[in-house]
Amino acid sequence: MAAALAIGLAVAACSAEGSSSGTQVVDSTTPFDSPAAPPRVDLINPAITALEERLGGPQQYFEINATSQLVNLIVALNDGALAQPWVYLDGELSSTDGVDASGFMFSAATLDFDPDTVLSKLQAELPQSSADLFFVEGGAGGIVRYSVAVTSQQGGQLVVVVGRDGTVQSVDPN
């Protein structure tokens, strides 16, 4: 069930343009008086390693995102004509068939964020909010953008673009 939900979220998160404009943020079910677990950014590199070992080498991605439990990897197939969602949950990979896609792609080699600090500044600046989803999207020329979907205690949602070290670069209302 969790894998099916995660694949659905992964497909919803990958827009036709390969940008965050298609990312859907799901309401948090964790009450704010018990802190929600942050996105597992520490699982992104192990997920990439497992996927690339399974697929036989480096891949191109439309998006990679992490929740508090899993990592979604949206792999670009056929020179970006298809997007195939993969889920890395409890050390296991699962996938569904690819769907038509277009947009910017990136390789895992371009990822340079620090999993130990990428969420820390955001958590310090917005201590009453919940970081629900960390996502990496491709941009022109193979660059990447790191963003965090955040839910406030009042229920409002924001997308916060962060630097590789977690420095807040911009905030967009969702």
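Look a little higher up for the structure.
Please read these numbers as outputs of a predicted model, since none were measured by experiment.

Rules and cut-offs
- Position numbers for residues count from 1 along each chain, tracking the sequence in the order it is written.
- In view of the model being predicted, local features appear only for residues whose pLDDT reaches at least 70, and side-chain atom pairs are presented and counted only at 80 or more, with totals across whole chains, interfaces and linings using the full set of residues.
- The basis for every side-chain value is the complete set of heavy atoms in the structure, and neither hydrogens nor water enter the calculation.
- The rule for a salt bridge is simple: a side-chain nitrogen of Lys or Arg has to be within 4 Å of a carboxyl oxygen of Asp or Glu.
- The helix count covers DSSP runs of H or I at least four residues long, the strand count covers runs of E at least two residues long, and both are numbered beginning at the N terminus.
- Exposure classes here rest on a 1.4 Å probe applied to the protein chains alone. A residue is buried below 20% of its type maximum, exposed above 50%, and partly exposed in between.
- Each helix should span, by expectation, one fewer than its residue count multiplied by 1.5 Å.
- The arc refers to the directions leading from the helix axis to the C-beta atoms.
- In this description, contact between two residues means that some pair of their heavy atoms is separated by no more than 4.5 Å.

*Asks:* How should the pattern of salt bridges be read in this particular structure?
*Replies:* Pairing is possible between side chains of opposite charge, provided their charged atoms come close. The final tally for this structure, using the stated rule, is four salt bridges. The residue Asp 165 makes a salt bridge to Lys 121 at a minimum N-O spacing of 3.3 Å. A residue pair is termed long-range when its members are at least 10 positions apart, and Asp 165 in the loop between β9 (157-162) and β10 (168-173) and Lys 121 in helix α3 (residues 120-125) qualify at 44 residues. Two residues, Glu 137 and Arg 145, come together in a salt bridge whose shortest N-O distance is 3.1 Å. Taking the relative accessible area as the measure of exposure, Arg 145 reaches 31% and is therefore partly exposed.

*Asks:* I would appreciate a short explanation of unusual backbone geometry in the present structure.
*Replies:* In terms of backbone geometry, most residues other than glycine have negative phi values and most peptide bonds are trans. If you check the backbone angles, Asp 79 has positive phi at about 55° while not being a glycine. Considering the arrangement of structural elements, one finds Asp 79 in the loop between β2 (70-77) and β3 (82-89). You can call Asp 79 exposed: its relative accessible area is 81%.

*Asks:* Help me out: how do you make sense of helix α2 (residues 44-55) in this one?
*Replies:* With 12 residues, α2 extends 16 Å between its outermost C-alpha atoms, agreeing within 8% with the 16 Å of an ideal straight helix rising 1.5 Å per residue. Residues of α2 that are buried include every one of Ile 44, Ala 47, Ile 48, Leu 51 and Glu 52, and no others. Considered in projection along α2, the buried side chains sweep an arc of 120° and stay on one side of the axis. Tucked into the core, α2 has its buried residues touching β1 (60-66), β2, β3, β4 (92-95) and β7 (130-138). Gly 56 occupies a position one or two residues after α2 and carries a positive phi of about 85°.

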